[in-house]
Amino acid sequence: MLRRPRWWSRTLGAALIGGLVLSLLSLGPAPQARAADCRRGHIALTFDDGPSHHTPSVLDALRRRGVPATFFVVGQRVRSRPSLVRRQHREGHAVANHTYRHERLTSLSDSRIRSTVGATHRAIREAGAPPVRAVRPPYGATSSRVRRVLRDAGYAHVLWTVDPQDWRGYSSSTIARHVTARLAPGAIILLHDGGSTTPKTVGALPRIIDTARARGYCFGLIDGRGRVVAPTPPAPATPPPPPPVQVAPAQEVSRLAGADRYATAVAVSQAGWPQGAEAAVLATGQDYPDALAASVLAGAVDGPLLLSTQDRLLPAVAAELARLGVERVFVIGAISETVDEALRSLGVHTRGVRGRDRYETAVRVAGQVAGAGTEGVYLVTGEGFADALAVGSVAAGQGWPILLTPARGHPLLPTWIDALGAERVVVVGGTSAVSDAALEGLIDVEVERIAGADRTATAVAVAQVARGRGYGADPLVVSGTTFADGLAGGVLAARWQRPLLLTGGDRLAPQVHAWINDEGSERVTVLGGQAVISEGVVCQLRTGYDRPDACD
């Protein structure tokens, strides 16, 4: 029995002991709900793509409600944030395998599957947590061969039963509604802690947890056989190895550029279509409005987007069309008949795609892309170029047209969307770019918005969507202050299945730094010459984003 000093009152002692108990409980998850409350069994919260700088907020939210979860981590990120993996284990969570570089396992050989999974297993162990022998294939890309290779290597293959697609940037309430509507015994819920949309996921957790508990569920973990099991107290963490010598993060950086914007578009064409193409798209490089929607058409015809002056076909562009061996050229917007005649003299067929203004031109381009109809469209402002550049890669890869609108809306927008048969409209950019009022006339369509605090953050949010669609982690980087290189670059990014990011010309944008670091990118391609993206930005990419002063 504990003896208290005589001067210590029973009331004060009880208060201090209670505070000590609460402090100790705060170090890890609070106890699960009473056994009687688990009448419907256990379900599992799982988080993919971390650890990242968003992971602590997820861990904080889980700790506040005493809930364990399973984190399917990316090995490369474990190496950069081992302390977060140790915290996950210390607070009673399970740490499982999501490959080393977020690879699509169906595209890897048997030996490379074993290699990426084994490297991640070692990274988790060396970070100081016991790795669960469970693997979740990135993108859910799996096959009987993948399952066999994992099984033979001693790993369980784990997917999910509930997917609210939180990476799309849906609101916290939408995420929570989707999950709670699909709860069932043994449910495995897929969420993410590795991207820019994680704060919305964190916002959904209280409602998900409270609703599940009210319905009689308790929260469990994924075990080494891929089952949802009741949590057990964590074993002591393995002491981490001595920290390695810290070296500034380095990237393999290449620049793809010509002497000017026209020559850069030619260089992009040569890099993306070395064997030629049957068709190409030609837009003016002198102004952006007509060309904003052209990247999707280039993606649809599987050809490059080249730039021209309005009244003259440049010799370098003519030479590139000849090298490509194109049969058709789609001419977008305000390009004169003189250019059309020059194209026809090369022996190619031309098709003009023009409207009375930028908005109608985008609609006509959409008609060329969508044909009989489209599931959805991307909607961006026609009063600036940055958001259209950001989404060009994803739109081209998906085959969804890009429509333009003034910030306050266009009276014909509902008619255009209805004529295209679109059921979904994805707005890219904040309300200052496309206001909520601009969307009021849209009926019987699902509307969502992808946006960041500024053009660079919006491009990062779009890049996260691209990752969710299977794009790789190695981005193309273009200037966010000029439009030309991003037009051609969006088509190349779609062809190479790589995200497109925007940065300032003289200093690497912090949001780009954070995204590249979080995604574990190893290779970056800069589009454009030193006049649009300086050698200082390239230096920052090569030598470490937190040391811009080293590149001055």
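Computed from a prediction, not measured in an experiment: that's the story for all the values here.

Participant: Looking at this structure, how should I read the overall build of the chain?
Facilitator: The number of helices and strands found in the chain is 19 helices and 20 strands. Counting contacts in the chain only where the partners sit at least 6 residues apart, residues at least 24 apart contribute 74% of the total. As presented, the chain carries roughly 23,100 Å² of accessible surface, and 52% of it is formed by carbon and sulfur atoms.

Participant: How do you make sense of the pattern of salt bridges when you look at a structure like this?
Facilitator: A pair can form between side chains of opposite charge whenever their charged atoms are brought close. Counted under the stated rule, the structure contains 24 salt bridges. One salt bridge in this structure joins Asp210 and Arg65, with 2.9 Å as the shortest N-O distance. Linking Asp210 in helix 8 (residues 198-214) with Arg65 in the loop between helix 2 (55-64) and strand 2 (70-73), this pair joins segments that are 145 residues apart in sequence. On the accessibility criterion, Asp210 (36% relative accessible area) is partly exposed. The partner of Asp223 in a salt bridge is Arg227, with the nearest N and O atoms 2.6 Å apart.

Participant: How should the nonpolar core be read in this particular structure?
Facilitator: Generally speaking, nonpolar side chains in soluble globular proteins are found buried as a group. Grouped together as the largest cluster of nonpolar side chains are 98 residues, with contacts concentrated most on Val281, Leu282, Leu305, Leu343, Tyr378, Ile402 and Leu403. For this core, the element with the highest residue contribution is helix 14 (residues 386-398), accounting for eight residues. For Leu343, the contacting residues outside a window of four places in its chain are Leu282, Leu313, Leu321, Val329, Val331, Val348 and Thr350. Among the nonpolar cores identified, the runner-up in size contains 35 residues, and Phe47, Ile124, Ala176 and Ile189 belong to it.

Participant: Got a minute to help me understand the packing of aromatic side chains in this structure?
Facilitator: The description of an aromatic ring pair rests on the distance of the ring centres and on the angle between the ring planes. On inspection of all chains with the given rule, the structure shows five aromatic pairs. A ring pair is formed by Phe47 and Phe71, whose centres lie 5.2 Å apart and whose planes are at 20°; its orientation type is stacked. Separated by 24 residues along the polypeptide, Phe47 in strand 1 (residues 42-48) and Phe71 in strand 2 bring together distant segments of the chain. Summarising the burial analysis for this pair, Phe47 and Phe71 share the class buried. Aromatic rings pair up to connect Tyr288, Phe385 and Phe483 into one cluster. Directly above the ring of Phe72 sits Arg136, whose terminal nitrogen or CZ lies 4.3 Å from the centroid.

Participant: Teacher, can you tell me more about the sheet that holds strand 14 (residues 376-381) here?
Facilitator: Sheet strands associate in pairs through backbone hydrogen bonding, adopting either a parallel or an antiparallel arrangement. Pairing is parallel in the open sheet, where four strands are placed in the order 15-14-16-17. Each end of this open sheet is capped by a strand with a single partner; those strands are strand 15 (402-405) and strand 17 (446-450). Pairwise comparison of adjacent strand axes, ignoring direction, gives a mean angle of 30° for this sheet. One ladder, built from four bridges, connects strand 14 with strand 16 (residues 424-428); its direction is parallel. Note that in strand 16 the partner of Gly376 across the bridge is Arg424.

Participant: Would you mind going over the pairing of strand 18 (residues 476-479) with me for this structure?
Facilitator: Successive residues of a regular strand alternate their side chains across the two faces of the sheet. Bridging between strand 18 and strand 19 (residues 500-503) involves four bridges; their strand directions are parallel. Its bridge partner lying in strand 19, Val478 is registered against Leu502. In terms of handedness, the path from strand 18 via helix 17 (residues 484-496) over to strand 19 forms a crossover that is right-handed. Across two bridges, strand 18 lies against strand 20 (residues 523-527) in parallel orientation.

Participant: Just checking my understanding: could you explain the sheet that holds strand 11 (residues 305-308) for this structure?
Facilitator: If you walk across this open sheet you meet the four strands as 11-10-12-13, and the pairing is parallel. If you trace the sheet from one side to the other, it starts and ends with strand 11 and strand 13 (349-353), each paired once. Taking the axes of each pair of neighbouring strands and ignoring which way they run, one obtains an average angle of 30° across the sheet. One ladder, built from five bridges, connects strand 12 (residues 328-332) with strand 13; its direction is parallel. Each residue of the ladder has a partner; that of Phe330, found in strand 13, is Arg351. Helix-sheet contacts for helix 10 (residues 294-301) involve strand 10 (279-284), strand 11 and strand 12, and the interaxial angle to strand 10 is about 170°. Those strands touched by helix 13 (residues 358-370) are strand 12 and strand 13, and its axis lies near 130° from that of strand 13.

Participant: When you look at the state of the cysteines in this model, what are you seeing that I'm missing?
Facilitator: Two cysteines, two sulfur atoms, one covalent bond between them: this is a disulfide. All told, the structure shown has one disulfide when counted by the stated rule. Here Cys38 connects covalently by a disulfide to Cys218, the sulfurs 1.8 Å from one another. Taking the sign of the torsion about the S-S bond as the criterion, the disulfide between Cys38 and Cys218, at about -70°, is left-handed. In this pair, Cys38 is assigned in the loop between helix 1 (10-25) and strand 1 and Cys218 in strand 7 (residues 218-222), connecting sequence segments 180 residues apart. Each member of the pair, Cys38 together with Cys218, is buried.

Calculation criteria
Residues numbered from 1 in each chain as written. Predicted model: local features only at pLDDT ≥ 70, side-chain atom pairs only at ≥ 80, totals over all residues. Heavy atoms only, no water. Helix = DSSP H or I, 4+ residues; strand = E, 2+ residues; numbered from the N terminus. Contact = heavy atoms within 4.5 Å. Areas by Shrake-Rupley, 256 points an atom, 1.4 Å probe, with all protein chains shown as cover. Salt bridge = Lys/Arg side-chain N within 4 Å of Asp/Glu carboxyl O. Buried < 20%, exposed > 50% of the residue type's maximum accessible area, 1.4 Å probe, protein only. Core = buried A, V, L, I, M, F, W, Y, C linked by side-chain atoms within 4.5 Å. Phe/Tyr/Trp six-rings, centres within 6.5 Å; stacked < 30°, edge-to-face > 60°. Lys NZ or Arg CZ within 6 Å of the ring centre and 35° of its normal. Pairing = 2+ DSSP bridges. Axes fitted to C-alpha atoms, helices over the stretch in contact; angles between N-to-C directions. Right-handed = clockwise from strand over helix to strand, strands pointing away. Disulfide = S-S within 2.5 Å.

Everything listed is a geometric property; what it means functionally is a separate question.
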